[in-house]
Amino acid sequence: MTPNYHQIHHQLIQTVLQAAQIFLTHYTTPSPPPSFKKNRTDLVTTADTTIDNFLKHELHKLYPSYLYIGEEQPAQSIPTLTNTDHVFIADPIDGTANFYHKNPVCSISLALYFKGKGKIGIVYFPVLNDMYSAVDGAGAFLNGLPVHVSRFPADSNFLVYTEFKMNEDARGRMAFEIEQIDAVRDVCQGLRATGCASYDVCMIAVGNAECYYEAGMHAWDIAAAIIVLKEAEGWVSDLQGRDIDLLARNVLACASKEVAVCFAQKLVVPVGYKRDLA
């Protein structure tokens, strides 16, 4: 039997709103020192782990047969999502550094995929009280109102989002990222970096920008947001313009296929990033 994704969407919204209460409790109190994963910029707070545990527990109660992939507790090795049945992909706090520094651009992101296809995407910014959501085939919404990508022609100058790696391991990559910026400079009206990939993608979905590209992000950073973007009639691919492999850690998210082609012709895919869940 085909699941009722609209009903599931309603249940997931309620779960995310409950998780947001945990988020706001931690956000509005003094932050204890964070832990670090691989380097000094890869933070994890008690809020991250608490929300991740809450989501996993609540979603298992609702849908015990569905797999759960969370940033703080990734699942077992999964070579590809296309052969995987229903799986939740969650980022308890996308933009943890922002959260730690009391910057409001940080979200709870929750997606449901089936055989590699996004079915439900929810990106909630508790401090801003902005809820982006989408169900496959039913359009994209911000706080219940429909949203749509911008319609600038492909020969325009675009507002572009990307992110930069600031840890010691990324020193060699910074020169590459500068080269990427130089490669797309002639079609950029401006370049933005917010520290929150889900926000970057949602800005395209609501028509406030035309392109987001990045290499090195993780599946849970963008899994929900790209569903919202697709339902807002945007376009998602890898950096070469091919069908996106969510676990391959590179993405090109644009307002249209034409914009994506424009950027894919200029961007280069870096090597050296290990696949998620490998």
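Residues numbered from 1 in each chain as written. Predicted model: local features only at pLDDT ≥ 70, side-chain atom pairs only at ≥ 80, totals over all residues. Heavy atoms only, no water.

## So, helix H5 (residues 197-205)
The buried fraction of H5 is high, at nine of nine residues. Residue glycine 207 follows H5 closely and has a positive phi angle near 85 degrees. (Buried < 20%, exposed > 50% of the residue type's maximum accessible area, 1.4 Å probe, protein only. Helix = DSSP H or I, 4+ residues; strand = E, 2+ residues; numbered from the N terminus.)

## Considering the sheet that holds strand E13 (residues 235-237)
Reading across the sheet, the five strands line up as E11-E10-E12-E14-E13 and stay open at both edges, with mixed pairing between neighbours. Looking at which strands have only one partner, the edges of the open sheet turn out to be strand E11 (188-192) and E13. Direction aside, the axes of adjacent strands within the sheet are offset by 15 degrees on average. Note: E13 against strand E14 (residues 250-254), three bridges, orientation antiparallel. Looking across to E14, one finds that tryptophan 235 is bridged to cysteine 254. Together, strand E10 (158-161), strand E12 (211-215) and E14 form the strand contacts of H5, whose direction differs from that of E12 by roughly 155 degrees. Across the sheet, helix H6 (residues 219-231) touches E12, E13 and E14, and the angle it forms with E13 is around 140 degrees. (Pairing = 2+ DSSP bridges. Axes fitted to C-alpha atoms, helices over the stretch in contact; angles between N-to-C directions. Contact = heavy atoms within 4.5 Å.)

## Regarding the pairing of E10
Strand direction decides the pairing type here: E10 and E11, joined by four bridges, are parallel. Note on E11: the bridge partner recorded for valine 160 is leucine 191. Of the strand pairs in this sheet, E10 and E12 are connected by two bridges, and their pairing is parallel. Looking at E12, one finds that tyrosine 161 is bridged to tyrosine 212.

## So, the sheet that holds strand E7 (residues 130-135)
Spatially, E3-E4-E5-E6-E7-E8-E9 is the arrangement adopted by the seven strands of the open sheet, whose pairing is mixed. If you trace the sheet from one side to the other, it starts and ends with strand E3 (67-70) and strand E9 (145-147), each paired once. Shown here is a sheet whose adjacent strand axes are inclined to one another by a mean of 20 degrees, direction ignored. Those strands touched by helix H1 (residues 5-27) are strand E4 (87-94), strand E5 (107-114), strand E6 (117-125) and E7, and its axis lies near 30 degrees from that of E6. Here H5 sits on the sheet in contact with E4, E5, E6, E7 and E9, set at roughly 105 degrees to E6.

## Comments concerning the packing of H5 against H6
Remark: H5 packs on H6, axes separated minimally by 8 Å, with the N-to-C direction vectors making an angle of 5 degrees. Classified by the angle between their axes, H5 and H6 sit roughly parallel to one another. Residues Ala197, Ser198, Val201, Cys202, Ile204 and Ala205 of H5 lie in contact with H6, whose contacting residues are Asp221, Ile222, Ala225, Ile226, Val228 and Leu229. Here the residues of the contact of H5 with H6 are counted per class, giving 10 nonpolar, one polar and one charged. (Parallel < 35°, antiparallel > 145°, perpendicular 65-115°, else oblique. Nonpolar A, V, L, I, M, F, W, Y, C, P; charged D, E, K, R; others polar.)

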